[in-house]
Amino acid sequence: MSSLPTAPGFPPLRLRRYAGFWLTDRTLKFLGASHARFSPRPTDVLLVSFPKTGTTWLKALAFSAHLPSTGADHPLHRNNPHDLVGFLELAGEDDDGLIYEGIPSPRLLAAHLPYSLLPHGITDGSGGRIVYVCRDPKDTLFSFWHFHEKTTATLQRMADDGGASSAMPTFEEAFELFCKGQSMAGPQWRHALEYWEASRLSPDQVLFLRYEDMLRDPEGSLRKMAVFMGCPFSPEEEETGVVRDIVELCSLGMLKGLEVNRSGRTMLGLKNEAFFRNGTVGDWSSCMTPAMAARLDGIVAEALEGSMLFFLKEKVDHVLPYAFKTGRSLSDQ
Ligand SMILES: Nc1ncnc2c1ncn2[C@@H]1O[C@H](COP(=O)(O)OS(=O)(=O)O)[C@@H](OP(=O)(O)O)[C@H]1O
């Protein structure tokens, strides 16, 4: 680790560049152990996201799709989604590495790791399916900014790197770091591109979703996920409105209002309330000037030029900032 390039990141944690990504010391420290100790199963479903792109929502929806009802005894009424679907990265931190071994199949797990840094047993096609969600980088940064305000102290404790700064950077400073890709698991565009390429090469193994599309059509997105995860809704469930009920239960307004999310903390010590804010598209415009937005859009477009995934500013119902086109592979860049 000490030989890797190091730099400050946003949130203000020391990051090291490894295999093209900026990772925290904590992630790097346990990465090898996570690979060694985690045994993928063909029935696993892994929910992957860059931080602040829809992880919490994806966890709630995927978890609920596996349950028969949304009644008062539903675990989401008493648990934050992060405590129902654990992060794969934590397997390396567990002393005996068995935290996920006791979960019966099919297991539902999550990760913020780039595709190229997932355990090989997952990416070689024998380790189950991956659902990936991506989001407009401008909204991602804005969301991170607000999350950071609420969680600085805990994030620093979690970082465990001694290199964290306690100072809250200005939005402009955070923007500069984000533009350089210096955020947890950044750059975001490279993270998304790896999963986009994997989804094109292996559509049965990787489902690529967009947060903006999920907002526009939550029921359709949930159905798509359920089919992909191997638990499609039956005609009876459709008839009784299960899809609508799950979407309602997992909506931002509903989850945010639950007592557990207003007062509790996740198992990692983060305030539950910090995971729920506005959940909209285009919030970035309250903090980012048009010039800043154009610069970030330009950086992303340039980084992805000629590749398979393009983030473009498109105004289709104000929720489709992306367009995709085919081109050369990431490995060619
Ligand atoms: N249920 C639901 N529906 C829609 N949107 C939701 C939901 N839950 C969380 N959010 C919004 O997602 C943003 C947080 O991102 P993540 O969940 O990826 O955060 S984390 O990586 O798990 O820390 C953050 O976005 P912003 O509102 O833009 O900050 C949350 O408000």
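The protein carries the name Sulfotransferase in an unreviewed UniProt entry, which gives Triticum aestivum as its organism. Recorded in UniProt for the protein, the comment headed Sequence similarities (unreviewed entry) runs: "Belongs to the sulfotransferase 1 family."

Along the chain, the position of His191 falls in helix H7 (residues 188-201). Once residues within four sequence positions are removed from consideration, His191 is found in contact with Phe21, Val48, Ser49, Phe50, His112, Leu113, Pro114, Tyr132 and Ala185.

To continue, consider helix H14 (residues 290-303). A rise of 1.5 Å per residue sets the reference length of H14, with its 14 residues, at 20 Å; its end C-alpha atoms lie 20 Å apart and thus fit the reference within 8%. Looking only at H14, the buried set comprises Met292, Ala293, Leu296, Asp297 and Val300. Down the axis of H14, the buried set is contained in an arc of 130°. They therefore lie on one face. Structural note: H14 exposes Pro290, Ala291 and Glu302 on the side pointing more than 90 degrees away from its buried face.

It is worth spelling out the site of the ligand at this point. Neighbouring the ligand are 21 residues, the closest being Thr55, Thr56, Ser143, Cys250 and Gly279. Thr55 places a polar side-chain atom, nitrogen or oxygen, 2.5 Å from an oxygen atom of the ligand. In this structure, an oxygen atom belonging to the ligand sits 2.6 Å away from a main-chain N or O atom of Gly279. In isolation the ligand exposes 630 Å². Once the protein is present, 96% of that is buried. At the level of elements, helix H2 (55-65) and helix H12 (252-257) are the ones that each hand at least two residues to the shell around the ligand. In terms of residues, the shell around the ligand owes the most to one element, H2, which gives three residues. By residue class, the composition of the shell around the ligand is eight nonpolar, 10 polar and three charged.

Reading guide: rules and limits
Residues numbered from 1 in each chain as written. Predicted model: local features only at pLDDT ≥ 70, side-chain atom pairs only at ≥ 80, totals over all residues. Heavy atoms only, no water. UniProt positions renumbered as here; feature names shortened; annotations may be inferred. Helix = DSSP H or I, 4+ residues; strand = E, 2+ residues; numbered from the N terminus. Contact = heavy atoms within 4.5 Å. Expected span 1.5 Å × (residues − 1). Buried < 20%, exposed > 50% of the residue type's maximum accessible area, 1.4 Å probe, protein only. Arc of directions from axis to C-beta. Near = heavy atom within 4 Å. Polar contact = N/O pair within 3.5 Å; in protein donor to acceptor, adjacent residues only side chain to side chain. Areas by Shrake-Rupley, 256 points an atom, 1.4 Å probe, with all protein chains shown as cover. Nonpolar A, V, L, I, M, F, W, Y, C, P; charged D, E, K, R; others polar.

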